[in-house]
Every structure is written in C-alpha cells, then in structure tokens.
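What follows is each chain in one-letter form.
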Amino acid sequence: MNTSDGWRPRRVPEARGRVGAPRTPIDYAKVGRSSVRRRARGMTHSEAVAALEGAEQQAHLERRDESAADDGGRRAAELAEWQRVVQLLAATGGPYDPDADVVVQEELAEDRRREEAEQQHRQEQQQLADRAAELLALAGAGRLDRTVASRPGDEAARALLDDYDYRVLAVDDWFARALADRAGHYADPAARAAAVGSLPASVRARAALLAALARTGAPVDDGLEFVGRLAQADPDATTALAAWLETAAAVKGGTA
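Anyway, here's the lowdown on the structure attached to this text. What you are looking at is a predicted structure, and each value in this text was computed from that prediction instead of being measured.

## Thoughts on the overall build of the protein chain
Here comes step 1: Of regular secondary structure, the protein chain possesses eleven helices and zero strands.
Here comes step 2: Expressed as a percentage of its 256 residues, the buried residues of the protein chain come to 34%.

## Describing helix α11 (residues 235–251)
Here comes step 1: Over its 17 residues, α11 extends 24 Å from the first C-alpha to the last, a length consistent with the 24 Å expected when each residue adds 1.5 Å.
Here comes step 2: If you check which residues of α11 are buried, you get Thr238, Ala242, Leu245 and Ala249. Along the axis of α11, the buried residues cluster in a sector spanning 65°; they form a single face. Residues of α11 that are exposed and point more than 90 degrees away from the buried face comprise Asp236, Trp244 and Val251.
Here comes step 3: Residues of α11 that are buried sit in contact with α9 (201–215) and α10 (225–233).

## Remarks on the nonpolar core
Here comes step 1: Counting 33 residues, the largest nonpolar core has Leu144, Val171, Phe175, Tyr186 and Leu199 as its most contacted members.
Here comes step 2: Of all the elements in the fold, those that place two or more residues in this core are α5 (102–140), α7 (168–181), α8 (189–196), α9 and α11.
Here comes step 3: Top contributing element to this core by residue count: α7, with eight residues.
Here comes step 4: When near neighbours in sequence (up to four residues on either side) are disregarded, tyrosine 186 contacts Ser150, Glu155, Phe175, Ala178, Leu179, Ala191, Arg192, Ala195 and Leu199.
Here comes step 5: In terms of nonpolar packing, the next biggest core, distinct from the first, is built from 15 residues, Ala48, Ala51, Leu52 and Ala59 among them.

## Description of α5
Here comes step 1: Under the 1.5 Å per step criterion, the end-to-end length of α5 is 57 Å for 39 residues, consistent within 8% with the ideal 57 Å.
Here comes step 2: Taken residue by residue, α5 has Val104, Ala109, Leu128, Arg131, Ala132, Leu135, Leu136, Leu138 and Ala139 as its buried positions.
Here comes step 3: Buried residues in α5 make contact with α1 (28–40), α4 (74–92), α6 (154–159) and α7.

## Digging into the environment of alanine 132
Here comes step 1: Within the element layout of this structure, alanine 132 appears in helix α5.
Here comes step 2: Look at alanine 132 and you get buried, because its relative accessible area is 5%.
Here comes step 3: For the pair alanine 132 and aspartate 154, spaced 22 residues apart in the sequence, the C-alpha separation amounts to 7.8 Å.
Here comes step 4: The contact partners of alanine 132, leaving out residues within four places of it in the chain, are Ala157, Leu160 and Leu161.

Thresholds, definitions, all that
Residues numbered from 1 in each chain as written. Predicted model: local features only at pLDDT ≥ 70, side-chain atom pairs only at ≥ 80, totals over all residues. Heavy atoms only, no water. Helix = DSSP H or I, 4+ residues; strand = E, 2+ residues; numbered from the N terminus. Buried < 20%, exposed > 50% of the residue type's maximum accessible area, 1.4 Å probe, protein only. Expected span 1.5 Å × (residues − 1). Arc of directions from axis to C-beta. Contact = heavy atoms within 4.5 Å. Core = buried A, V, L, I, M, F, W, Y, C linked by side-chain atoms within 4.5 Å.

Right under this line is the structure:
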C-alpha cells in the first residue's frame, strides 16, 4: 500500500558504499522527518493539521499491511514530526520554514559535525595506510634502516600490516631498533610507553634485548640476527633475558 507521498514501506538493505568500505546503515526515521519538513515548508497551521490527520489515517490503514510494519521506524517518525510541526505553528502561526526551525538547524549542525569527524577519521586512516605502504616499500628495497626516523602513529600503521608479508620482519626489526635506540619520536618517554601497548610482543622483546645488550657494552650492530629469532620464537623468555642482562649490568655498575 502506498502512502500519501507515494512512498511504500518495505524492507531495504543497508546502503553499500564504495568497494571495500563499510556499509552505511540507513536512518529511516531521519528520512521520514526530512520528508515531512520538505512537504511542510510554507504550510500554515491549518494545513499542517490536515496533513497530520492524513498521515494518521494512512498509518491506521497500513497496520493491516505486513510489509508496512517493518519500515525502520519511518512512519512513526513522520507522525511525530507532523505533530511537532503542528505544535510549532500553533505558537508561531506559520508559514512553516525549516530554515528557521531551531530543532532542524541543530540537527543539521550535528550532522555537519559528525561528517567532519568522519572525514577527519578517513583522512587519518588513509595517512596510516600510506605510511604502512611506505614502510613496506622501504623494507622491500632494503632501505629501512636507522636513517628512517620513526613518527607518531607508526604503531597504528604497523597494525595494518599483514604478518604473512615477508617484509614485515624487516619492519619489525626497524621498530625494535628505533625503540632500543630511543630514536625518532621514541626519544619521548610517553611515546615509548605507548608503544608497549601497541606493538607486537616480539617487537617489544627484541627492543628490550637490544637495549640490554647495548648497556652491557657489547657491540650492537646489524649482525645480531639471533635477537630477532629469539624474540619471534619466545617473546616472554627474550624479555626475561633482557631483564637479567639489565640486572647484571647494574650489579657491575654498567647502567648509564
């Protein structure tokens, strides 16, 4: 059964965005309110009352239509909005102007704020994806070394990487060395503390062992491949070994 404005309630799947993007749910109640506001523009109080009565009659008839029962709340929202418009015009006399409706303008402002926040989030996610791709490209080219400075957000970029990509091992080694050296943004203690909860356990263990070895006075260079293998095989044992070395260095007075 069609409604007075030609809209037929029915089940509608969620709208699909671009390929790979999450589905955006349709707010049917919001659609209903917007429809009422468009139709109510320019109406006087008596015209809005007539429109409300028509909508109520249509809703009554549709109660016998099973397909209209699952409309996502649109019809109920339309009735509520007609009632609100009627009450507003009873006080102002009309004609109704959604541009001067405080409720409508507040909703539009909230929509703009939400869209701006979503846009910012999308931009941040794209920046992280770009950084992740950059790290992989550098690793694949053999150029991801100490000359590449770590940046805020690198941990989130690491979270986007596929652990099955052979280049991720080189990326993790770069993270570990940056942490151990306290290089780039890891010079900030707060950044190092944040990395503890963001990077994989094997990366943190590798960094801890590299730092502990450096404090013993042992030469720490790019030849310590065993550190990475130990950390990958057993992060907890590697971290324990790093703590033992730190203690041994402190006992010998080797801690800086």
